[in-house]
Amino acid sequence: RVGIFLFMEDKMRAKRIENMISYVQKNKTVTIEQLCEEFDVSINTVRRDINEIIKTGQFKKTYGGITYESETSLKSFSERHIKNHNQKEIIAAEAAKLVSDGDIIFIDSGTTTYYMIEHLKVKKDITILTNNLEAISRSISYPNLHVVSLPGDVNRKTLSFTVLNAANYLSSYNINKSFIATSGLSSERGITNSSPQEYEIKVMAISRSLENYVLVDYSKFNNVSLLTFNNFENINAIITDKKPDDDLHDFILKKNIEIIIGQS
């Protein structure tokens, strides 16, 4: 019951933060008092939420409030696709090696995970659950890949289907392996993501999967994004392109999580 309560509390907070983000984006600059009144929460709660929101890089604290800096808003899928392209290819190729014939897998949204599709074309009878629009598109050419798409609205910046209740769709599936993207990974804040809409999907995919793999390029180590969706629990391996610094490397290994480094 405690676990359920904490999960529901996280869901409520994720939804509130999502609404706060929209509110601040709309009004550009707001005070703590305005947020307290708008969302009917305490000053301490608003301050904690603001501290999480500014980690996205899209917002800045002001005296007694927060402001939206549109010039640093979330980059589009195409912009993120270009960044670290070679590293993402290496990571995806390594991840695809872990997929066996007949597997039911979850492929997360993001610009690293969809590269896996090209490496899965030689596998047999693979079922892919995904909200990744680009992964769905690339799978069409391969009859050995059976694709089940999560429902939702298309997010044009992330090229994924996202709604806050999309995770419920995953709850009835038994998944062999999940391949999860992240925008930040640190020993202090765990595995994080900047999208409240995708938070529940990641949490549910990990809970429904027998094995879980996190795909992350070196540039995201020791970064922290808006929401922690996992504290290194039930993660089998971190798949990356370069060894983390010694402190993070040792921390991950102490959690009994393998570090798989792809080779170019």
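Just so it is clear, the model here is predicted, and its values are computed rather than measured.

Here the focus is the overall build of the protein. Secondary structure assignment for the protein yields ten helices and 15 strands. Per-residue burial for the protein yields a buried fraction of 49% across its 264 residues. Across the protein, every contact between residues at least 6 apart in sequence was considered, and the portion connecting residues at least 24 apart equals 61%.

Bringing the sheet that holds strand β9 (residues 175-181) into the picture now. Strand order across the open sheet formed by seven strands is β6-β5-β4-β9-β12-β14-β15, with parallel pairing between neighbours. Every interior strand has two partners, whereas the edge strands, β6 (145-149) and β15 (258-261), have only one. The mean inter-strand angle of the sheet, taken between neighbouring strand axes irrespective of direction, is 25 degrees. Bridging between strand β4 (residues 104-107) and β9 involves three bridges; their strand directions are parallel. Looking at the pairing, Phe106 lines up with Ser178 of β9.

It is worth spelling out the nonpolar core at this point. By size, the foremost hydrophobic cluster in this structure holds 46 residues, and its most contacted members are Leu35, Phe106, Leu170, Leu185 and Ile238. Contacts of Leu170, omitting those with residues within four sequence positions, involve Phe106, Leu129, Leu150, Ile175, Ile201, Met204, Ala205 and Arg208. The next biggest cluster of nonpolar side chains, apart from the first, holds 23 residues, and it includes Ile128, Phe179, Tyr213 and Ile239.

What counts, and at which threshold
- Residues numbered from 1 in each chain as written.
- Predicted model: local features only at pLDDT ≥ 70, side-chain atom pairs only at ≥ 80, totals over all residues.
- Heavy atoms only, no water.
- Helix = DSSP H or I, 4+ residues; strand = E, 2+ residues; numbered from the N terminus.
- Buried < 20%, exposed > 50% of the residue type's maximum accessible area, 1.4 Å probe, protein only.
- Contact = heavy atoms within 4.5 Å.
- Pairing = 2+ DSSP bridges.
- Axes fitted to C-alpha atoms, helices over the stretch in contact; angles between N-to-C directions.
- Core = buried A, V, L, I, M, F, W, Y, C linked by side-chain atoms within 4.5 Å.

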